[in-house]
Amino acid sequence: MASMMRVFLILLWTMNLVQPNVPQAAGVHVFPPVNFTLTVSALAQVLLHWKPNPNQEQKNYTIRYDVKILSPVPEEYDTKKTHSIRTAALHNGFSAHIRTLLLHNDLQMGSDWVKKKLLPPPGAPETSVTNLSCVTRITISSTVSLHCTWLPGQGAPEDTEYFLFYRYETYTEECQDYIKDKWNRNTECRFSATHIDPEKVDNLIVIHINGSSKYAAIKPFQQLFNQNAIEKVNVPRNVTVFLEQNDLLATWEKPISPFPKECFEYEFHLFNLKSGNKQILKISSNDFRLWIDVTNKYSVQIRANHHICCTRGFWSDWSEIIYVGQKKLESPVAWILASEIQPTIWEKCYKAKKHVWSKLFPPIPTPSNKFRDPFPNEYERARTCTSEMETELGSFAEDLYCSALDDSVF
């Protein structure tokens with residue numbers, strides 16, 4: 001078996017040696033392209049352009065071009081065209097090779113490589129920004145906001161001022177809304193609306209930050225972001241949680257997004273307030289059923305992320321807490337309101353009761369006074385504990401407290 005493998009490798013090596021020479025033996029020569037140039041055509045965009053070698057015979061040959069990107073990100077492809085556009089971060093330069101490929105009688109032969117290089121833009125070392133981070137969000141109006149943060153370079157002078165640009169497809173815009181650090185340097189940028197298309201999947205967003213200083217040349221910095229990978233997904237909407245016997249049922253709507261509901265997954269956070277146990281369950285639908293111990297009380301929250309339609313983004317914030325189970329707390333606002341009106345209700349009811357009591361048992365009159373009616377017309381009005389509060393909650397609370405006071409007094 002080893003000897004057969006050795007023979008096969010020798011034959012393969014021999015074919016590789018002989019194959020390129022077949023066209024040459026037939027008098028065919030492959031010449032490299034000419035006038036190969038690299039041009040920066042936009043932020044983080046390079047135009048590669050070349051021309052066919054005028055000495056190249058045409059005849060019945062198929063001519064293609066083999067392109068090899070060496071930096072900043074290695075890539076290799078072939079094309080029939082004499083130009084190509086690549087998007088790449090250019091702050092460390094760009095390097096590419098190209099050659100002619102000739103197909104003849106099912107055999108392929110390549111010319112020598114032609115090499116070109118773009119030098120990095122000028123700038124002092126460690127003056128470009130670091131720790132660049134960007135987040136997008138889809139607004140209610142279906143526009144996309146953009147928020148980026150960064151740190152100044154360690155070698156940047158204290159007077160360095162940074163300026164941010166974003167490019168999306170053919171559109172480029174400079175930031176107009178910066179947030180500064182304590183040294184008055186721009187370290188954040190916000191776009192409340194952009195030209196980013198929320199319905200596009202996995203398009204690139206180019207971020208370019210350059211700078212200026214009186215004491216040094218500031219080196220620019222570029223970074224490419226997948227638009228879906230940096231999206232902060234919106235919170236699920238209309239979350240509803242209720243009990244059906246011993247089952248907890250939850251339903252919700254997908255976040256604000258042009259993508260259909262099938263494109264999202266969810267995390268369901270269930271916390272047992274009595275035992276302190278918590279569960280985080282992954283769910284791919286918009287509803288959920290779970291058996292729980294209804295004698296306990298639970299808090300529920302839900303958050304969302306992309307699932308199958310595009311690159312995963314950042315998890316959304318958690319939805320507002322919903323309580324369910326025994327001794328369910330009402331809205332915190334209601335509790336605050338109740339605590340605020342409680343003293344007022346007690347005071348009003350106490351005064352009303354005191355008034356009724358004084359009517360029922362007035363002081364013993366002196367002989368010179370005429371005996372007064374112990375049941376005046378005001379009795380029924382006082383007995384109802386009417387208050388001036390106009391909200392239903394206040395009226396309901398007063399009735400409860402008055403009723404309790406009735407039981408305690410009479």
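Residues numbered from 1 in each chain as written. Predicted model: local features only at pLDDT ≥ 70, side-chain atom pairs only at ≥ 80, totals over all residues. Heavy atoms only, no water.

Peer 1: Looking at this structure, I do not really get the overall build of the protein chain. What am I missing?
Peer 2: Assigned secondary structure in the protein chain consists of five helices and 23 strands. Counted over contacts in the protein chain with a minimum sequence separation of 6, partners at least 24 positions apart contribute 63%. Carbon together with sulfur atoms contributes 56% to the accessible area of the protein chain, which is approximately 24,900 Å² in total. (Helix = DSSP H or I, 4+ residues; strand = E, 2+ residues; numbered from the N terminus. Contact = heavy atoms within 4.5 Å. Areas by Shrake-Rupley, 256 points an atom, 1.4 Å probe, with all protein chains shown as cover.)

Peer 1: I'm lost on the sheet that holds strand β16 (residues 221-226) in this one. Help?
Peer 2: With antiparallel pairing, four strands are arranged side by side in an open sheet as β12-β11-β15-β16. Each edge of the open sheet is held by one strand with a lone partner, namely β12 (171-174) and β16. Averaged over neighbouring strand pairs, the angle between their axes works out to 20° when direction is ignored. (Pairing = 2+ DSSP bridges. Axes fitted to C-alpha atoms, helices over the stretch in contact; angles between N-to-C directions.)

Peer 1: Would you mind going over the state of the cysteines with me for this structure?
Peer 2: Disulfides are covalent bonds that connect the sulfur atoms of two cysteines. Evaluated as defined, the whole model comprises three disulfides. Sulfur-sulfur distance for the disulfide between Cys134 and Cys148 comes to 2.1 Å. Since a negative S-S torsion denotes a left-handed disulfide, the Cys134-Cys148 link at about 110° is right-handed. With a gap of 14 residues between them, Cys134 in strand β9 (residues 130-138) and Cys148 in strand β10 (residues 144-151) connect regions that are remote in the sequence. By relative accessible area, Cys148 is classed as buried at 1%. Here Cys263 pairs with Cys309 through a disulfide, and the sulfurs are 1.6 Å apart. Because the sign of the S-S torsion sets the handedness, a value of about -75° for the bond joining Cys263 and Cys309 places this disulfide among the left-handed ones. Here Cys309 lies in the loop between β22 (297-306) and β23 (322-325) and Cys263 lies in the loop between β18 (247-253) and β19 (264-272), a separation of 46 residues in the sequence. Taking the relative accessible area as the measure of exposure, Cys263 reaches 1% and is therefore buried. Take Cys310: it sits in no disulfide, and the sulfur closest to it among the cysteines is that of Cys263, at 6.2 Å. (Disulfide = S-S within 2.5 Å. Buried < 20%, exposed > 50% of the residue type's maximum accessible area, 1.4 Å probe, protein only.)

Peer 1: Got a minute to help me understand the packing of aromatic side chains in this structure?
Peer 2: One pair of aromatic rings is described through two measures. These are the centre distance and the angle between the planes. Counting across every chain of the model gives six aromatic pairs. For the ring pair Phe268 and Phe288, a centre distance of 4.7 Å and an interplane angle of 50° mean the geometry is tilted. In this pair, Phe268 is assigned in strand β19 and Phe288 in strand β21 (residues 287-291), connecting sequence segments 20 residues apart. For Phe268, a relative accessible area of 1% gives the class buried. These aromatic residues form a ring-pair network of at least three members: Phe36, Trp50 and Tyr65. One cation-aromatic arrangement involves Arg86 over Tyr77; the distance from NZ or CZ to the ring centre is 4.2 Å. The residue whose ring lies beneath Lys297 is Tyr323, and the NZ or CZ to ring-centre distance is 5.1 Å. (Phe/Tyr/Trp six-rings, centres within 6.5 Å; stacked < 30°, edge-to-face > 60°. Lys NZ or Arg CZ within 6 Å of the ring centre and 35° of its normal.)

Peer 1: Is there a simple way to explain the sheet that holds β19 in this structure?
Peer 2: Strands in a sheet are paired, the pairing made by backbone hydrogen bonds, and the direction either parallel or antiparallel. Here four strands make up an open sheet; going across it, the order is β20-β19-β22-β23 and the pairing antiparallel. Bordering the open sheet on either side are β20 (278-283) and β23, each of which pairs with just one other strand. For this sheet, the mean angle separating the axes of adjacent strands, direction not counted, is 25°. Inspection of the sheet shows β19 paired to β22 by nine bridges, in the antiparallel sense. Bridge pairing in β22 places Phe271 opposite Ser299.

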